[in-house]
Amino acid sequence: MKAIEAEFVKGFVRMCSDGWEQGWHERNGGNLSYRIKDEEIQSVKDDLKYDAPWQDIGTSVPQLAKEYFLVTGSGKFMRNVPLDPAANICIVELDDKGEKFRIVWGLVNGGRPTSELPTHLMNHEVKKLASNGKHRVIYHAHCTNLIALTFVLPLKDEVFTRELWESATECPVVFPAGVGVVEWMVPGGREIAVATSRLMKKYDVAVWAHHGLFCSGEDFDITFGLMHTVEKAAEILVKVLSIRPDKLQTIEPDGFRQLAKDFKVTLPEEFLYNK
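Residues numbered from 1 in each chain as written. Predicted model: local features only at pLDDT ≥ 70, side-chain atom pairs only at ≥ 80, totals over all residues. Heavy atoms only, no water.

Judged by side-chain polarity, F151, V152 and L241 come together as a nonpolar surface patch covering roughly 310 Å² of accessible area. In this fold, V152 is placed in the loop between α5 (144-149) and α6 (157-167). With a relative accessible area of 57%, V152 lands in the exposed category. (Patch = residues over 30% accessible without salt bridge, like charges linked within 9 Å, V, L, I, M, F, W, Y side chains within 5 Å. Areas by Shrake-Rupley, 256 points an atom, 1.4 Å probe, with all protein chains shown as cover. Salt bridge = Lys/Arg side-chain N within 4 Å of Asp/Glu carboxyl O. Helix = DSSP H or I, 4+ residues; strand = E, 2+ residues; numbered from the N terminus. Buried < 20%, exposed > 50% of the residue type's maximum accessible area, 1.4 Å probe, protein only.)

Across all of its chains, the model carries 18 salt bridges by this definition. Between K2 and D47 there is a salt bridge whose closest N-O contact spans 3.9 Å. Of this pair, K2 sits in the segment before α1 (7-22) while D47 sits in the loop between α2 (38-43) and β2 (55-56), placing them 45 residues apart in sequence. Judged by relative accessible area, K2 falls into the partly exposed class, the value being 48%. Linking K10 and E7 is a salt bridge whose minimum nitrogen-to-oxygen distance equals 3.6 Å. Within this pair, K10 and its partner E7 are both found in helix α1, separated by three residues, close to a single helical turn. Judged by relative accessible area, which is 42%, K10 ranks as partly exposed. Through salt bridges with shared partners, a single ionic network connects R162, E163, E166, K247 and K275.

Geometry only, nothing functional implied.
Following this line, the structure appears as structure tokens:
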């Protein structure tokens, strides 16, 4: 099978398009990666080429050794992915130590995987271990309302989690573990990769201050839905704060406890503090 015809590639392309349509990917902003299943890579093996040189990842991810990833290209525009996937995304293979990669499909006009590949792979490794292999998607986008909140809310996990939970009832059900917050750092480097991977041991969502969101999930639908839910809650909160600086009513801690009981989720008490 041609890679372009594979369902996992089609799902990846659709997610890139959906993110663009939401307005989260100005110019070449944002990136996406998917840890490919063994049976999926076998289905496209005749379309893969192994003559590209090995390149340093910039970090070591031994738990991902010999795995394959579908990733967006560095400097590529999300809006162009559906028009020409083979020119804008690629499949990379990792070596037997998890220290090097090579392109085996895609980026036909040249280029490299996303500059944040080290961050993606470090977090894929963390989430693979934390989820017993279930998590396969890492997604980074520049969500407008969420970014706006990083200028006015304290950059603390408990504050962002509680404010987002209060903004829409489904939020504590969709991300019951809460969200983590990374203070501003230069993107694409090892420092932000380490800081994010530390948070992702506990959360599926990391807020990058003044930059965007970083989410992990089992598949494209779940991960996109997670990003969408967080950003919609942020939009609601931005509108509320624009109307007045305080809330006349909101969901109280006991309300969250009842919600958790009815929906059979565990909500950490650290986020259910009295204001």
